[in-house]
Amino acid sequence: MIRIVLADDERMVRTALRVILDAEADLEVVGEASTGAEAVSVVRETRPDVVLMDVRMPEIDGIRATEQILAGMAEPPRIVVVTTFENDAYVYDALRVGAAGFLLKRAGAEELVDAVRLVARSDSLLYPAAVRGLAAEHARRRPPAAPPWVARLTEREAEVLRLVATGLTNAEIAGRMGVGPATVKTHVAAVLAKTGARDRTQAVILAYESGFVGAR
């Protein structure tokens, strides 16, 4: 069972999301919040697997709430920020502090359910093309500087990071490299440790910001 918390300042939005998610046998909404501060509290109390976090909320916004949740829990949930526009600067900031991905408010019921299941599995990026686009645009605006971790990656780890940045799953990377999924999982774990990234999404953001991969 995938446990979910909904954070949105509009009750009707939360109600609609709950109806869609609770209709699925493997999904359960365990809490709701109408402000960023309340979201932090509810998440700490309910310990969900996934949080759907509105970007713009009273008291503290979704970015700060995401940051506080991830920093304050030993085993934090996967957080998906919900937004109206995918190119919103708030979205990039949320991904940069550790959100697992983002979801557009106009997404349909099937897309919503699939997104929750995908981030709960955590072996792929949610909307990889959009994440790459946001990261590449940010890198173009701010010239990258290579951090120390770039030199610490082995050749295999570097290859895995580049493939992760294209949006491939572990199984797809394994097929591309001719190795087993367990080997890829080990390489991904090493990449996250060396880059200091919380998950695959944040690793991709760091890869673009550092110039390790780019829009070239």
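Report follows, based on the coordinates.

Quick notes on the rules
- Residues numbered from 1 in each chain as written.
- Predicted model: local features only at pLDDT ≥ 70, side-chain atom pairs only at ≥ 80, totals over all residues.
- Heavy atoms only, no water.
- Helix = DSSP H or I, 4+ residues; strand = E, 2+ residues; numbered from the N terminus.
- Buried < 20%, exposed > 50% of the residue type's maximum accessible area, 1.4 Å probe, protein only.
- Contact = heavy atoms within 4.5 Å.
- Pairing = 2+ DSSP bridges.
- Axes fitted to C-alpha atoms, helices over the stretch in contact; angles between N-to-C directions.

Structural notes on the environment of R44
Its place among the elements puts R44 in helix 2 (residues 36-46). Look at R44 and you get partly exposed, because its relative accessible area is 38%. Each C-alpha atom of the pair R44 and M73 lies 7.5 Å from the other, and the pair is 29 residues apart in sequence. When sequence neighbours within four positions are dropped, the list of residues in contact with R44 reads Q68, G72 and M73.

Here we look at the sheet that holds strand 3 (residues 50-54)
If you walk across this open sheet you meet the five strands as 2-1-3-4-5, and the pairing is parallel. Each of the sheet's edge strands pairs with one partner strand only, and the pair in question is strand 2 (27-33) and strand 5 (101-104). Going across the sheet, the axis of each strand differs from the next one's by a mean of 25°, ignoring polarity. With six bridges connecting them, strand 1 (residues 2-7) and strand 2 associate as parallel partners. Bridge assignment links I4 to a residue of strand 2, and that residue is V29. Each of strand 1, strand 2 and strand 3 touches helix 1 (residues 11-22); the most contacted strand, strand 2, lies at about 165° to it. Sitting on the sheet, helix 3 (residues 62-72) is in contact with strand 3 and strand 4 (78-83), with an inclination near 155° to strand 3.

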